[in-house]
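Structural characterization, general
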Number of protein chains: 2
Amino acid sequence: SSSGSPIMDPQTKFKEFPYALAPIKTLMLELVSSVETRLGSSLLPCSLPPDVQYYHNSSGSAEATLFVRSGIPTSPVDFILGSWIHCKLPSGGTLNITSLSTYLKSSTEAPNFIIEIIQSTPTSFVLVLDMPPRKDLILYTEYLKTFYEDTELDKHRQRLEKLPEVTPYSSPSLFIRALTSPTGILVRIEAGETTKTEEIIQDHVRPAANEIIKIWLDSCASVNREVGEADKDYLAKRDLITRTKTLEIDLGTSLPRLFGQQVADRVLGVLKGFF
Amino acid sequence: SSSGSPIMDPQTKFKEFPYALAPIKTLMLELVSSVETRLGSSLLPCSLPPDVQYYHNSSGSAEATLFVRSGIPTSPVDFILGSWIHCKLPSGGTLNITSLSTYLKSSTEAPNFIIEIIQSTPTSFVLVLDMPPRKDLILYTEYLKTFYEDTELDKHRQRLEKLPEVTPYSSPSLFIRALTSPTGILVRIEAGETTKTEEIIQDHVRPAANEIIKIWLDSCASVNREVGEADKDYLAKRDLITRTKTLEIDLGTSLPRLFGQQVADRVLGVLKGFF
């Protein structure tokens, strides 16, 4: 799948983050590296078709990468998914979305991990950083205690929300809000100038994200908690709804709009195979 | 249960709201009146013991009322619960908590209703205004659509959050956060002066609360949706956890602290009979 020209190699394109602010690139590379170092031998190489690993619209105003590595059969990890989208907007602005998410199998009940940075101006962005629960936290209070209280996840949210540049952000989708954990970080960061934006990412977002991926790797991805058949069915059913709705809300309408229907169909068709 | 002195009659004490700001008293009376007018004939009179309807600590620095009306056997309403707590703090300040909540039976699946106004200074308060879901909104997406999307509940939250005096509020309890609906209003309102505070309650909180109680009365309390046996078990189990944890978190530690162990045991003992 290599094209010969290293800069256009779809296999490495995801990790180039050519349009991200420097500290976002640094942060994303650290997170991907943490996951690959820890889970490395239990993850298969990315085997997406080259034209799904890297795709763009006909005018070239929008381009994107996808990076998916599936877990081997004995791994609790189903797959990890990295992505960036870069797109010149008709308004003259630029939209940059950078994300990394992880999905566990229904043989384990632990939460997933997600980070998403949506930047529509050089000085403001929306940050989603969470371990979305895979069980109802009301019915399973022990789950809430194990993964959210005992891990002290909330302190990262509290620290970030103390910054004057940070305000809580509400997803327009009620489903996405319902999916968010009670310690989930969903914030808008408006810094006024690029230097300050970079400083906030470097000094505040980066340590929080690195600590949360460490919690996820330590207490979720590495622990093969045996779940019973009933629980497995419950998790499989809830995961399927979560994945289908997330894909639909996140990409179902935006990909056709940004990349045209043909490209969107190709990419979504491949993604559905994982979700 | 009447003591002869109208001002001390426990039966009417709840509706006096002697310590609430005028527009909070107006709002609470409107809400209670909406509920009693609509559900009136299907609600039994409040039959709490007089010393639970009105109670205070030994020094008299803390006093409170409780008002509970249970639904008749054919009603989908289990009970409605009104309360206010007034208490002089050692710091010199005063704490006023005013609330009204409603609880449906497990024979119906619709959400409950809650309003709670926690005022610790004359110019700032925390407002909780929500229809807490009784089913997991991820697993039951139709429930999310029926009660939260189709009812356009979110617009009330959006309007309130546009006010400069309003900031989102996070409950310190992760369980209470998990219990909150995606359209739940949890905000801190800091107005700087009492007149402005009263204006915000009068012009913004009051219309939102009145519209939400109307939605609850129209689409939750009046509709006897037949649920199957499995669903009834699910609702009963989830309701029991919700009620037990809510009581524990809300009152389990604060009542002994504010009123002493003996009064707290008496009040909590009676409340547990409903929860």
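Here the structure is a predicted model, which is why all the values come from computation and not from measurement.

1. Examining the packing of aromatic side chains
Residues and elements named next belong to chain A. Under the criterion given, the structure shown has 20 aromatic pairs over all chains. An aromatic cluster is defined as three or more aromatic residues linked by ring pairs; in this entry it consists of Phe79, Tyr103, Phe274 and Phe275. Sitting above the plane of the Phe175 ring, Lys245 keeps its charged end 5.4 Å from the centroid.

2. What to know about the interface of chain B and chain A
The partner chain A presents 25 residues to the 25 residues of chain B that form the contact. A buried area of about 2200 Å², summed over both sides, lies between chain B and chain A, and 72% of it is on carbon and sulfur atoms. Considering only the surface of chain B that becomes buried against chain A, B:Ile138, B:Leu139 and B:Leu174 emerge as the three largest contributors, covering 32% of it. For the pair chain B and chain A, the interface holds 4 salt bridges.

3. Structural notes on helix α10 (residues 261-274) of chain B
All names here are of chain B. Between its first and last C-alpha atoms α10 spans 20 Å; for 14 residues at 1.5 Å apiece the expected length is 20 Å, and the two agree. Three or more residues of α10 are buried, namely Val263, Ala264, Val267, Leu268 and Leu271. One side of α10 carries all its buried residues, which in axial view fall inside an arc of 115°. Those residues of α10 that are exposed and aimed more than 90 degrees away from the buried face are Gln262, Lys272 and Gly273. On its buried face, α10 is in contact with α3 (50-53), β1 (54-56), β2 (62-70), β3 (77-88), α8 (229-252) and α9 (254-259).

4. A closer look at the sheet that holds strand β5 (residues 113-121) of chain A
Residues and elements named next belong to chain A. Read from one edge to the other, the open sheet built from 8 strands follows the order β1-β2-β3-β4-β5-β6-β8-β7, with strand pairing classed as antiparallel. Taken across any chain shown, the strands that pair with only one partner, and hence form the sheet edges, are β1 (54-56) and β7 (166-168). Strand-to-strand, the axes of this sheet are offset by a mean angle of 15°, without reference to chain direction. Lying on the sheet, helix α5 (residues 154-161) is in contact with β6 (124-130), β7 and β8 (185-190); it crosses β8 at an angle near 20°.

5. Observations regarding the relation of the copies chain B and chain A
For these two chain copies, the linking operation is a rotation about an axis paired with a shift along it. Between chain B and chain A, the superposition needs a rotation of 180° and an axial shift of 0.0 Å, giving an RMSD of 0.0 Å. Classification of the inter-copy transformation places it as that of a two-fold axis. Relative to the rotation axis, the closest C-alpha in chain B is found at B:Asp136, a distance of 3.0 Å. Comparing interface residues between copies, 100% of those in chain B also lie at the interface in chain A; the contact surface is shared.

6. Concerning the pairing of β5(A)
All names here are of chain A. Here 7 bridges tie strand β4 (residues 94-104) to β5, and the two strands are oriented antiparallel to one another. Directly across from Ser101, in β5, lies its bridge partner Ile114. Strand direction decides the pairing type here: β5 and β6, joined by 7 bridges, are antiparallel. From the neighbouring strand, Ile115 faces β6, where its bridge partner is Leu129. The antiparallel pairing of β5 with β6 creates a hairpin that spans 2 residues between the two strands.

Rules behind the numbers
Residues numbered from 1 in each chain as written. Chains lettered and ligands numbered in written order. Predicted model: local features only at pLDDT ≥ 70, side-chain atom pairs only at ≥ 80, totals over all residues. Heavy atoms only, no water. Phe/Tyr/Trp six-rings, centres within 6.5 Å; stacked < 30°, edge-to-face > 60°. Lys NZ or Arg CZ within 6 Å of the ring centre and 35° of its normal. Contact = heavy atoms within 4.5 Å. Buried area = accessible area lost by both parts, 1.4 Å probe. Salt bridge = Lys/Arg side-chain N within 4 Å of Asp/Glu carboxyl O. Helix = DSSP H or I, 4+ residues; strand = E, 2+ residues; numbered from the N terminus. Expected span 1.5 Å × (residues − 1). Buried < 20%, exposed > 50% of the residue type's maximum accessible area, 1.4 Å probe, protein only. Arc of directions from axis to C-beta. Pairing = 2+ DSSP bridges. Axes fitted to C-alpha atoms, helices over the stretch in contact; angles between N-to-C directions. Least-squares fit on C-alpha atoms with pLDDT ≥ 70 in both.

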